[in-house]
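Architecture and fold: a report
Residue-level listing of the chains:
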Amino acid sequence: ARQIWTDDHGHWFAIGEGLYADPYAEILHHGHHIKIPIGYSMSVGINMRVLRSRDEHLYFSHRQTVYEIDSAGNVKQHEFPGPIIGIVQDLSGDIWVNMLQQGTFRFANGDLSKPGINYLKGYSVSSVLQDVEKGYWFTTVGKVVFYRAGLEFGYCTVSEGLPPFA
């Protein structure tokens, strides 16, 4: 059996499923036919996610790996510390890789080659949404929804005018 996904831009994804499935994913992206080895698995489609970014890169996650495919068909492989349960791009162009029980990793400007910033460690983040006021909403599996007005942090010290603790 095969799972097949398509989108509005002529991309398709075919994944073998079941005991005798092919051990690879087939992807058509900008006319390039790409095969990515994913190994045999009885539940191969469970942790698979696909994202087409604004810069026309395709991000395909399977288990603990994100495969980044550019418009020329070049593939980069990015490893993560655990199972990936979601991958999204926000309004600012940042890419978020959501993990099972390890929070979410934010990659500024969608650059997965640089270290990501980890938010909500210990939670299974299922999705990240940036609203029109630049606030962030984080949903978690079976827990709560978090909201942050922004991602910027500021700090003050006693030398900058913060009163000392009494």
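Before any of the text, the structure's been laid out above.
Here the structure is a predicted model, which means the values were calculated and not measured.

This part covers the sheet that holds strand β15 (residues 145–148). Spatially, β13-β14-β15 is the arrangement adopted by the three strands of the open sheet, whose pairing is antiparallel. Looking at which strands have only one partner, the edges of the open sheet turn out to be β13 (125–130) and β15. Going from strand to strand, the sheet's axes swing by 15° on average, the running direction of each strand aside. As judged from the four bridges shared by strand β14 (residues 136–140) and β15, these two strands associate in the antiparallel manner. Bridging from a neighbouring strand, Trp 137 pairs with Tyr 147 of β15.

On to the nonpolar core. Ranked by size, the top nonpolar core spans twelve residues in total: Leu 51, Tyr 59, Val 66, Phe 80, Ile 84, Ile 87, Ile 95, Val 97, Met 99, Phe 105, Phe 107 and Leu 112. Broken down by secondary-structure element, the contributors of at least two residues to this core are β9 (84–89), β10 (95–99) and β11 (104–107). Top contributing element to this core by residue count: β10, with three residues. In contact with Val 97, other than residues within four places in its own chain, are Val 66, Phe 80, Ile 84, Gly 86, Ile 87, Gly 103, Thr 104, Phe 105 and Phe 107.

Okay, the sheet that holds strand β7 (residues 65–69) next. What the four strands build is an open sheet, ordered β5-β6-β7-β8; its pairing is antiparallel. Each edge of the open sheet is held by one strand with a lone partner, namely β5 (49–52) and β8 (75–79). Neighbour to neighbour, the strand axes of the sheet diverge by 20° on average, direction disregarded. Bridge count for β7 against β8 is five bridges, and the pairing is antiparallel. Each bridged residue has a counterpart across the sheet, and for Thr 65 the counterpart in β8 is Glu 79.

Unlike most non-glycine residues, Gln 101 shows phi in positive territory, near 60°. With respect to the helices and strands, the residue Gln 101 is situated in the loop between β10 and β11. Using a relative accessible area of 57% as the deciding quantity, one classes Gln 101 as exposed. Phi angles above zero are rare outside glycine, and Lys 134 is one such case at about 70°.

What follows deals with the packing of aromatic side chains. Any two aromatic rings considered together are summarised by their centre-to-centre distance and by the angle between their planes. The full count for this structure, using the stated rule, is ten aromatic pairs. With a centroid separation of 5.0 Å and an interplanar angle of 75°, the aromatic rings of Tyr 123 and Phe 146 are classed as edge-to-face. In this pair, Tyr 123 is assigned in the loop between β12 (117–119) and β13 and Phe 146 in strand β15, connecting sequence segments 23 residues apart. Look at Tyr 123 and you get partly exposed, because its relative accessible area is 31%. Ring centres 6.4 Å apart and planes at 25° place the aromatic pair Tyr 136 and Phe 138 in the stacked group. As far as the burial class goes, Tyr 136 and Phe 138 line up, both buried. Among the aromatic side chains, those forming a connected cluster through ring pairs are Trp 96, Tyr 119, Tyr 136 and Phe 138.

Quick notes on the rules
Residues numbered from 1 in each chain as written. Predicted model: local features only at pLDDT ≥ 70, side-chain atom pairs only at ≥ 80, totals over all residues. Heavy atoms only, no water. Pairing = 2+ DSSP bridges. Helix = DSSP H or I, 4+ residues; strand = E, 2+ residues; numbered from the N terminus. Axes fitted to C-alpha atoms, helices over the stretch in contact; angles between N-to-C directions. Core = buried A, V, L, I, M, F, W, Y, C linked by side-chain atoms within 4.5 Å. Buried < 20%, exposed > 50% of the residue type's maximum accessible area, 1.4 Å probe, protein only. Contact = heavy atoms within 4.5 Å. Phe/Tyr/Trp six-rings, centres within 6.5 Å; stacked < 30°, edge-to-face > 60°.

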